[in-house]
Amino acid sequence: MLHNAAMTSLRRNISLLYGFSFLQMTLFPMAVITLFWKDQIGLSLSQILLLQSIFAVAMVVMEYPSGYISDRLGYRTALTLASVLGIAGWGVYTVASSFRDVLIAETLLGISTSFISGTDSALLYESLKGTADEAAYGRFEGRSTFFGQTGEAAGALFAGVIYARYPLIPFVLQVAVWVLALLLTRGMAEPPRERHHQANHLKEALASARYVFIENRRLRVTVLLSIALGLSSFYPVWLIQPYMRSAGVPLASFGPIWAGANLTVAIVAVFSHRLREQLRDRGMIFLLVILVWGGYLGLGLAAGIWGFLFYYLLTAMRGMRGPFLLHVAQTEIPSANRAGMLSLQSLCFRLLFAVTGPLLGRYADAHGVGNSFLLLFLAYLLVLPPLVWLFLRQRHGVGSHP
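Bear in mind the structure is a predicted one, so any value in this text is a computation, not a measurement. (Residues numbered from 1 in each chain as written. Predicted model: local features only at pLDDT ≥ 70, side-chain atom pairs only at ≥ 80, totals over all residues. Heavy atoms only, no water.)

**Points about empty space enclosed by the protein**
(1) Moving on: Applying the stated criterion across every chain yields a total of 2 cavities of 30 Å³ or more.
(2) Moving on: Size it by volume and the second largest cavity reaches roughly 30 Å³.
(3) Moving on: The wall of the second largest cavity is formed by Val 212, Leu 219, Val 223, Ala 329, Ile 333, Met 341, Leu 342 and Gln 345.
(4) Moving on: At 3 residues, the largest contribution of residues to the lining of the second largest cavity is made by helix 15 (residues 338–367).
(5) Moving on: Residue composition of the lining of the second largest cavity, by class: 7 nonpolar, 1 polar and no charged. (1 Å grid on protein atoms, 1.4 Å probe; cavity = no way out; pocket = protein on both sides within 12 Å on 5 of 7 lines; lining within 4 Å. Points joined across faces, edges and corners; volume = space filled by probe spheres on them. Helix = DSSP H or I, 4+ residues; strand = E, 2+ residues; numbered from the N terminus. Nonpolar A, V, L, I, M, F, W, Y, C, P; charged D, E, K, R; others polar.)

Structure, rendered in structure tokens:
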């Protein structure tokens, strides 16, 4: 049994992680970043998606190593390093004037994000495990998402107005946000957990990958479905701003619209565990699929100023997906390699985006953003049904191991 002081420290981790999630997602430049790249730096849509694919590659290169390091050096150390890199990355943006400068900033931010990815969820789960509350992980993960998306909504609310007056102010504010995040990480406690690590790092890394993608069937199909659904809500992040501009949405409205999208994620995430109780796994999955199809079809067919509202269907899906599928995955992952195995999912996500993102950007430049959404609708019409069938098959009685 843990001493009262240790239990108190682990419970404090939860509130500190909520605060960290809020700050991590308080992205003042996010609601106008595409416009900044186009207007201030002079990038095309294909360059922007290429930039994001390079960001994804930076994360791919560091994703599993960062999770591996986190499992060994500690979750607190990894989040501290992520905060320092966040300060550096956004600091570069304040003096950026070329594609190269933005590339340096995005690489630093990509590595920072890779150190957070998997580590924050692992720290939350292990802290709950230390207080015997891991069965309620979905509820706590939903709340963490709520704070994160509320932070992004707060940062976006006046982003358009600030950007229109002083384009660099959102980036200066972002540096200050990461200084606060760094201060939060200093108060976190490392939870006690299993540590059965091999001396051969490469061998252990390959063993983790084999466990996730070969040995554990339930974990494998959960990861694949989570990646597919995650990408479905990620592509529009980089396309919705030019979509709104072409539809005639006023620049001053970009911030409130972005804030509304993130509040949708936040509110739905908080109630995700209750929806799962009501709908069960089958109902949840079917609802997620309908939201993806409806969102893309609506964005592709709607041409008016209110067409962006279909994007909110995809943000609602995002709010449901995270707490639900993360909880399913967490129950299948051993403590000793939790952050590393969660990072493997993010690695595959980023790698797929690195491959498909620039192609989608090229298609959007050539055929328009609306047609890109229709193309994505057709792609998900083909991809999701077999993944859903496999997931439900594994969740209804087929063993975890072959």
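Continuing now.
**Digging into helix 6 (residues 119–130)**
What sets the pattern is the α-helix's 3.6 residues per turn: residues three or four places apart point alike.
(1) Moving on: The end-to-end C-alpha distance of helix 6 is 16 Å, a good match for the 16 Å that 12 residues give at a rise of 1.5 Å each.
(2) Moving on: Among the 12 residues in helix 6, 9 count as buried, and that is most of the element.
(3) Moving on: When helix 6 is considered as a whole, its buried residues turn out to be Thr 119, Ser 121, Ala 122, Leu 123, Leu 124, Tyr 125, Glu 126, Ser 127 and Leu 128.
(4) Moving on: Ala 132 lies just past helix 6 and shows a positive phi near 60°. (Expected span 1.5 Å × (residues − 1). Buried < 20%, exposed > 50% of the residue type's maximum accessible area, 1.4 Å probe, protein only.)

**Here we look at the side chain of Thr 26**
(1) Moving on: Position of Thr 26 among the secondary structure elements: in the loop between helix 1 (4–24) and helix 2 (33–41).
(2) Moving on: At 2.5 Å, the side chain of Thr 26 forms a polar contact with the backbone oxygen of Phe 22.
(3) Moving on: Among residues more than four places away in sequence, those in contact with Thr 26 are Gly 151, Glu 152, Gly 155, Gln 174 and Val 177. (Polar contact = N/O pair within 3.5 Å; in protein donor to acceptor, adjacent residues only side chain to side chain. Contact = heavy atoms within 4.5 Å.)

**Here's the deal with the nonpolar core**
Nonpolar side chains tend to gather and get buried jointly when the protein is soluble and globular.
(1) Moving on: In terms of nonpolar packing, the biggest core is built from 115 residues, with Trp 37, Tyr 93, Leu 225, Trp 238, Tyr 296, Tyr 311 and Phe 391 touching the most fellow members.
(2) Moving on: In terms of residues, this core owes the most to one element, helix 11 (residues 217–246), which gives 16 residues.
(3) Moving on: Aside from chain neighbours lying at most four places away, what touches Tyr 93 is Ile 33, Phe 36, Trp 37, Val 102, Ala 105, Glu 106, Leu 109, Leu 168 and Phe 171. (Core = buried A, V, L, I, M, F, W, Y, C linked by side-chain atoms within 4.5 Å.)

**Some details on the pattern of salt bridges**
(1) Moving on: Here the structure, examined in full by the defined rule, presents 4 salt bridges.
(2) Moving on: For Asp 39, the salt bridge identified is with Arg 245, shortest N-O distance 3.6 Å. Taken together, the residues Asp 39 in helix 2 and Arg 245 in helix 11 connect sequence positions 206 residues apart.
(3) Moving on: Given the relative accessible area of 39%, Arg 245 is considered partly exposed. (Salt bridge = Lys/Arg side-chain N within 4 Å of Asp/Glu carboxyl O.)

**Comments concerning a nonpolar patch on the surface**
(1) Moving on: A surface patch of nonpolar side chains, about 280 Å² in accessible area, is lined by Leu 157, Phe 158 and Val 161.
(2) Moving on: Note that Val 161 resides in helix 8 (residues 159–165). (Patch = residues over 30% accessible without salt bridge, like charges linked within 9 Å, V, L, I, M, F, W, Y side chains within 5 Å. Areas by Shrake-Rupley, 256 points an atom, 1.4 Å probe, with all protein chains shown as cover.)

**Observations concerning the packing of aromatic side chains**
(1) Moving on: The final tally for this structure, using the stated rule, is 16 aromatic pairs.
(2) Moving on: Their ring planes at 40° and their centres at 6.0 Å tell us that Trp 90 and Phe 171 sit as a pair that is tilted. Here the residue Trp 90 occupies a position in helix 4 (residues 75–93), and Phe 171 occupies one in helix 9 (residues 169–185), the gap between them amounting to 81 residues.
(3) Moving on: Members of the aromatic cluster, each reached through a chain of ring pairs, are Phe 36, Trp 90, Tyr 93 and Phe 171.
(4) Moving on: Positioned over the ring face of Phe 140 is Arg 143, at 5.5 Å from the centre of the ring. (Phe/Tyr/Trp six-rings, centres within 6.5 Å; stacked < 30°, edge-to-face > 60°. Lys NZ or Arg CZ within 6 Å of the ring centre and 35° of its normal.)

**Considerations on the side chain of Ser 112**
(1) Moving on: By secondary structure assignment, the location of Ser 112 is in helix 5 (residues 99–116).
(2) Moving on: With a relative accessible area of 2%, Ser 112 lands in the buried category.
(3) Moving on: Among the polar contacts listed, one links the side chain of Ser 112 to the backbone oxygen of Ala 82, at a separation of 2.7 Å.
(4) Moving on: Residues within four places of Ser 112 in sequence aside, it is in contact with Ala 82, Leu 85, Gly 86 and Trp 178.

**Observations regarding the environment of Glu 134**
(1) Moving on: Counting through the fold element by element, Glu 134 comes out in the loop between helix 6 and helix 7 (137–156).
(2) Moving on: Taking the relative accessible area as the measure of exposure, Glu 134 reaches 26% and is therefore partly exposed.
(3) Moving on: If sequence neighbours within four positions are ignored, Glu 134 has contacts with Tyr 125, Leu 128, Lys 129 and His 327.

**With respect to helix 11**
(1) Moving on: Across its 30 residues, helix 11 extends 44 Å between first and last C-alpha, which sits within 8% of the 44 Å expected from 1.5 Å per residue.
(2) Moving on: If you look at helix 11, its biggest bend is around 45°, right at Leu 239, and the proline Pro 242 turns up within four residues after that.
(3) Moving on: Among the 30 residues that make up helix 11, 24 are buried, leaving the element largely enclosed by the rest of the structure.
(4) Moving on: One side-chain oxygen of the residue at the start of helix 11 lies 3.2 Å from the amide nitrogen of Arg 218, identifying that residue as Asn 216.
(5) Moving on: Positive phi shows up at Gly 248, right after helix 11, with a value of about 90°. (Bend = angle between axes of the 7 residues up to and from the residue.)

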